[in-house]
Each structure stands twice: as structure tokens, then as C-alpha cells.
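Summary of the model geometry
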Number of protein chains: 2
Amino acid sequence: MKKIREGLAEVFVPPESLTKRSETFYNPEMEHQRNVTVASLRMFKVEEVLDPLAATGVRGIRILKEVRGVRRVLFNDINPKAVKLIEKNLKLNKIPKKRYEIQKRDANSLFLKKRKFDFVDIDPFGSPIRYLKNVGYVLRKNSLLGVTATDSGALAGKFAKACFRRYGVFAGKTDFPKELGVRVLITSILQNLAVHELTFEPLYSHANHYFRTIGLVKHNPDKNLSKIKMISYCPKCHNKKIGIETKCNNCSEKTNVLGPIWTGKIQDKDFCRKLLTNFEFGNRKEIMLCSEEIDSPFYYDLHRIAKSMKKSSPKIENVIENLKRKGFRASRTHLCATGVKTNSERIFFC
Amino acid sequence: MKKIREGLAEVFVPPESLTKRSETFYNPEMEHQRNVTVASLRMFKVEEVLDPLAATGVRGIRILKEVRGVRRVLFNDINPKAVKLIEKNLKLNKIPKKRYEIQKRDANSLFLKKRKFDFVDIDPFGSPIRYLKNVGYVLRKNSLLGVTATDSGALAGKFAKACFRRYGVFAGKTDFPKELGVRVLITSILQNLAVHELTFEPLYSHANHYFRTIGLVKHNPDKNLSKIKMISYCPKCHNKKIGIETKCNNCSEKTNVLGPIWTGKIQDKDFCRKLLTNFEFGNRKEIMLCSEEIDSPFYYDLHRIAKSMKKSSPKIENVIENLKRKGFRASRTHLCATGVKTNSERIFFC
């Protein structure tokens, strides 16, 4: 066992960062997403927290130490090794017994107990789909839900069959795979919560080698479900539109119709700005980018467009300036270094 | 309590046929669907059966008495009144104790125990969606699954928002609501089993005031998922096509794009014929119709087409004859008395 520090917590973790499925798991690359989670929770009244796939317990321990107002965390893991490690780490961090509870159950069985929480975090190996099917049972109205997915190939449309098998979304190769992945994940959350008459309002979403979103759980599912739509994507010129169009209105090529996917916001701008003031550890750059990003449901990847036009890729700053000069809104996106978000239907290369 | 006879079983049932949610429920209108179920099971090697929402226990008792080879039925109901009634009815029918087991759990919690069965029947109040999300945990490969849904308005596209909220399918008013309903139900079964790497092959599907399908559970989900597609429906001339077409190729009206929905078979013809020889109680007419129905994914309702054309409705026999004379395949459908199934893209009124 190795002792590491993350945020205000000190935890023992297994020696290898990436271990077998049967072993307890600590992923240092997820530190950023836990930093975001902790900062997010600080903005809400969160008393009872459930970490249903707790592994080392690092997330829950950080929440107990770094978020004021949290009364109690229920740590759960089906792996007995994980349960022992969580106990050890809670002691190491001197967390009083009344502030936590540990269970060793299948996460879905735990959800079926229908005990309600203010924050639940689903951070599994691979796809979260099996857990999404039942998490609605434990979410209070106005609670927070965080979901991580590491089956990036399926979510981003690289593995279209797996995407349809798990999330029921027609996907495919595009020039905005990371945005597609985030949106497929949010779609699946919305559809699975809708069965419980609940909905999800994304506050912050990001992508790395994983996809992650955190948002508010509300009533009235139909309002948000109406923003789940089919979209049309031109494989030739990368033009995209919300709605069904069988022929590209830019280059007349046959489009691919993808979806159904969430076309609403993936970030709440006010929230992003407040997140910056509550953010204590780690890199702020991504959050800065998110807070400045415009709310368009897609980005255009200049590299890929240039390649398909057999031109050299222009400077991203110039393209954004150019679009703004023409009266459009435009910004970078945190999801792609060469990506541009805009409300224009075309990207103008200069 | 009233004593009634259904198939070879005698059961006590609550006095009113339609009772409150909190009461045990016996629906005499479901007798036909239980007759079909019993006859279906006779064709397969079924040893262990789960009735997770057993109510009076009538289905499981009939299976024990009427299907050879069934070793044991697990009756489950969360309602303590139902559990008492099941015990009483098992005694009334002199079922030996080793042939049954009774549990009083939430059906989903029971599914999460992951014990496997050869036949599972989901027959809830209203929508089966919450149970579909977890039934994959208890289905053996080559097992049978039966699903009933009584939320007919949502499934048939009358309540499009509810259809999307529960089943993730864009629906709407059509001239083939019963076929749409059956297909939305099958789509949802397929998508929920796919997460468990399982698929569903419909053997027999029917509609009444409820929708019902029974089929085989297999591996290799992708093969069947590829038959889930978007469809295009013309609200003016009722023309329909598999795939996305924004303009009707018959009358040029803007189409409605619905789906994703299952476009494969809803009946297995061989199975229907064998079902007739195994069918002991009740009306055979529906099964006869099913066994003669052609495998087109939609029907055309002559009444509605005639109405929209401001003509009087022709005789269904004449339309079918007419189509056949032109070299198309055509048949009636058990789903609609004025419905025609055909591989022609048009219905020719004479």
C-alpha cells in the first residue's frame, strides 16, 4: 500500500494505479474530476451523500473534509477488499464514526432500498448504464448527481453498435466526438431518470479519456426531454443541424442522422463562474474555458475540416475573430483544442 | 372472495375484477393471454419459472398444472395480501410444496438477486418499464420472457410525451397504433436486455386494451438491434417507410419521423402454427389470424385512409384480392379489423 495525498485527504491506495477489476481501484487521473465535484458540492445544501462504488473511499473522505454542511457519507462497495480499505482510510483521516456508514452490497441492490440522498456519484469501471437504470430510486428532488463513464469509444460514436446497445443512440464518426460523448451520456441520464418522473440539469460536463457530468435533479421530466432530438451531420463538410435533414444544406451531400441526443446546455455558465471561486486544488484552465464557451450544441474541429477541404488549418483565433466580425457568436471549447463553437451554420476560413 | 375456474386451475379472486392498486388483482380479460402463455411454454424445455408480480398466483398455478416438465414456480408479490392469497390458491389446487416457493419482495430487488430462470413473466399495473430495466439479471440464455403492458395510450403513440419518457421512442398519432404499440414494447425489451448482452426474439405478440409479447431470450444483441430503425410516416396519406424520408414519396407531404422502433417480426409463423396445436382453452381466432399474417412491419387502416381520401371504405377482402392480383403479398392483421398488411408501398382502392 502506498499513502498519497489528494485535496485535504490522505489515503492508502493499492500500489499500481491501474489494477485488475477484482482489486480496489484508485485512479490518479480522476483527481481533477474529484476536485470539480468537491467545489461543486460547496455551492449547495448537501447533507447526505452516497458513494455507491466507493473503492478507496477517497471521494467520500474528501467530501467529508472539504465540504461544509455534509453530515454523513454512505460508502458502498461490493468488494470486501475495498470495504477494508475504506475503513482504514477513514481512520487515517480521523473521521468520527457518526459521520459515515459502510455497506458491502451490489450498488443496484442498494439503490433498490430507496433511501434518499442529496448527492450520489456514479463512478464505475466502464459504462455507468447499469447503475443509471436504478439510481432514480435514491435521488431526492433538488439533489445532485455526478456520473463518470470510461467507455469513451462507445459514447463518442467510435463504436456505434456499442453506443446503441448501451445508450439507445444512433451514433457514428464525427468531428465533434467529445461533445457527442458528453451528450449521449446526458441523454441516457435524462431517459433513465424520466421513468422516475425526474430530470437532470447539467451544471458542468467535461471529457478526457473519460466523460463526466454533474448536475441537478429536478421534477418535470418532459421539459428537458423535449430538448432531446435527432441531429443531422454531414460526413463531407462536417456541417451539423438540430433536426432531421437528409441532404446537407451546405454541400448537398447525404447526411447521417444521429440521435436522439440532448441538445440543451452541458454547462451552466453562472455555475462555472462560481465554481472558479470555490475551486481550491488543481488546474483551473478547463473551468475557465467552460465558463467562456458559448452554448452551441456542437463544435467544429478546424483540423478535420481543413483536412477534408485539403487546405492547411487556419489559426483558431483568426477563425473566431472572423466569425465575430461577421456578427456571429464564437468561442473555443474545452472539449477540443482545435474546436470552435459558433451559432453560424458555417465556418469561414480566411 | 369468489372462486373461479381458469384453465385447469381453480382460484379465489377478490370480488371486484378491477380493484385498487393496493389490493390483489385478478383481471379476467387477461385469461386469453394466460391461455397463450401456457400453450407457448408447452413447446419448450421450461423447468424453473418466475412470476415476479404474481397477484392471485393464477398464472403460476396454471403453469404448474398445465405445462409438463415445469419443476418449480417462484411466486413473488410485494403485497402481503397477495402472498396470503397465493398460499391459499396453491392449497386449493393441491400443489405439492416442493413445486413452489413464495417471496414477498419488490420485483426489482428480486431480479437483483440474479437467480436464473427458464421463463419470467412481467405483468404489472401500467407500464412494465421499471421491471424491464432489471429483468435481464434473471434470464437464462434460451429462456422465455413474457411482457404485458397496460399503458396503451403511451405505447400506441396517443400520448407521445409519455411514450418518449418511458420508452425513449418518438411516437405520434398514426393509422397503425396497435402495431406501433407492440413494436415500441419490443424495442424497449430489446434495448433493456442489450445492456446484459441479451436479445429477444418475439414468438407471439398481440394487442387488446393491453399489449403483450412473448419471445425467446438469446445472446448476440447486435443482430437484432440492427433491425431497430427510424421510420417515416405520412400524416396525410398514411404512407409509411422504414428509414428516414422527410417528404412522402406518395403525396409529397412532410412526413413524421418516428422511432427508433423494432422493424423485425412480431410473430414467428412456425410458432403460431404449433401454438394452435398446443392451445386448449379459449378463442383460437386471433392465433389463426396471426399465423396467416404477412411479415410487414406496418398495417394500413382502410377506414382511416378512406376517411382522409373522403371516399367510402372498400371491402377489406377486395383490397387484399386486388393487391394480390397486382403481384403483392397482402393479408389481414389480428391488430385491426380494417387493417391490411402488404409489401406494396401503396394501397389500391378499387
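Residues numbered from 1 in each chain as written. Chains lettered and ligands numbered in written order. Predicted model: local features only at pLDDT ≥ 70, side-chain atom pairs only at ≥ 80, totals over all residues. Heavy atoms only, no water.

**Comments concerning the interface of chain B and chain A**
When the parts of a complex come together, some accessible area is lost, and that lost area is often taken as the interface size. With 32 residues of chain B in contact, the opposing surface of chain A contributes 32 residues. Both sides together, the interface formed by chain B and chain A hides about 2800 Å², and carbon and sulfur atoms give 58% of it. Looking at the side of chain B facing chain A, the largest losses of area belong to B:Lys133, B:Arg165 and B:Val195, adding up to 24% of the total buried there. Our count for the contact surface shared by chain B and chain A stands at 6 salt bridges. A salt bridge links B:Arg165 to A:Glu197; the shortest N-O distance between them is 3.7 Å. Breaking the side of chain B that touches chain A down by element, the ones donating at least two residues are helix H4 (107-111), helix H5 (129-135), helix H7 (160-167), helix H8 (177-194), helix H9 (221-225), strand S10 (228-233) and strand S12 (256-262) of chain B. (Contact = heavy atoms within 4.5 Å. Buried area = accessible area lost by both parts, 1.4 Å probe. Salt bridge = Lys/Arg side-chain N within 4 Å of Asp/Glu carboxyl O. Helix = DSSP H or I, 4+ residues; strand = E, 2+ residues; numbered from the N terminus.)

**A word on the domain arrangement of chain A**
Residue and element names in this part refer to chain A. According to the domain assignment, chain A consists of domain 1 (2-226 + 267-277 + 279-287) and domain 2 (294-342). Relative placement of domain 1 and domain 2: their C-alpha centres are 31 Å apart. Opposite the 14 residues of domain 1 that make contact, domain 2 presents 12 residues. With both chains or domains summed, domain 1 and domain 2 bury close to 1100 Å², and 50% of this area falls on carbon and sulfur atoms. Three residues, Asp175, Phe176 and Glu179, lead the burial of domain 1 against domain 2; their summed loss comes to 49% of the area buried on that side. Summed over the shared surface of domain 1 and domain 2, the number is 2 salt bridges. (Domains from an automatic or database assignment.)

**Observations regarding the sheet that holds strand S12 (residues 256-262) of chain A**
Strand pairing in a sheet relies on backbone hydrogen bonds, with the paired strands running either antiparallel or parallel. All names here are of chain A. Taken together, 3 strands build an open sheet; the order of strands is S11-S10-S12 and the sheet is antiparallel. Two strands close off the open sheet at either side, each with one partner strand: strand S11 (240-242) and S12. Strand-to-strand twist in this sheet, taken as the mean axis angle between neighbours without regard to direction, amounts to 25 degrees. Direction of pairing for strand S10 (residues 228-233) relative to S11: antiparallel, over a ladder of 3 bridges. Bridge pairing links Ile231 to Ile242 in S11. (Pairing = 2+ DSSP bridges. Axes fitted to C-alpha atoms, helices over the stretch in contact; angles between N-to-C directions.)

**Concerning the packing of aromatic side chains**
All names here are of chain A. Scanning the model with the defined rule gives 10 aromatic pairs over all chains in all. Geometrically, the ring pair formed by Phe176 and Tyr233 is tilted, given 5.8 Å between the ring centres and 55 degrees between the ring planes. You can see Phe176 sitting in the loop between helix H7 (160-167) and helix H8 (177-194) and its partner Tyr233 sitting in strand S10, a full 57 residues away along the chain. Tyr233 gets classed as buried once you look at its relative accessible area, which sits at 2%. (Phe/Tyr/Trp six-rings, centres within 6.5 Å; stacked < 30°, edge-to-face > 60°. Buried < 20%, exposed > 50% of the residue type's maximum accessible area, 1.4 Å probe, protein only.)

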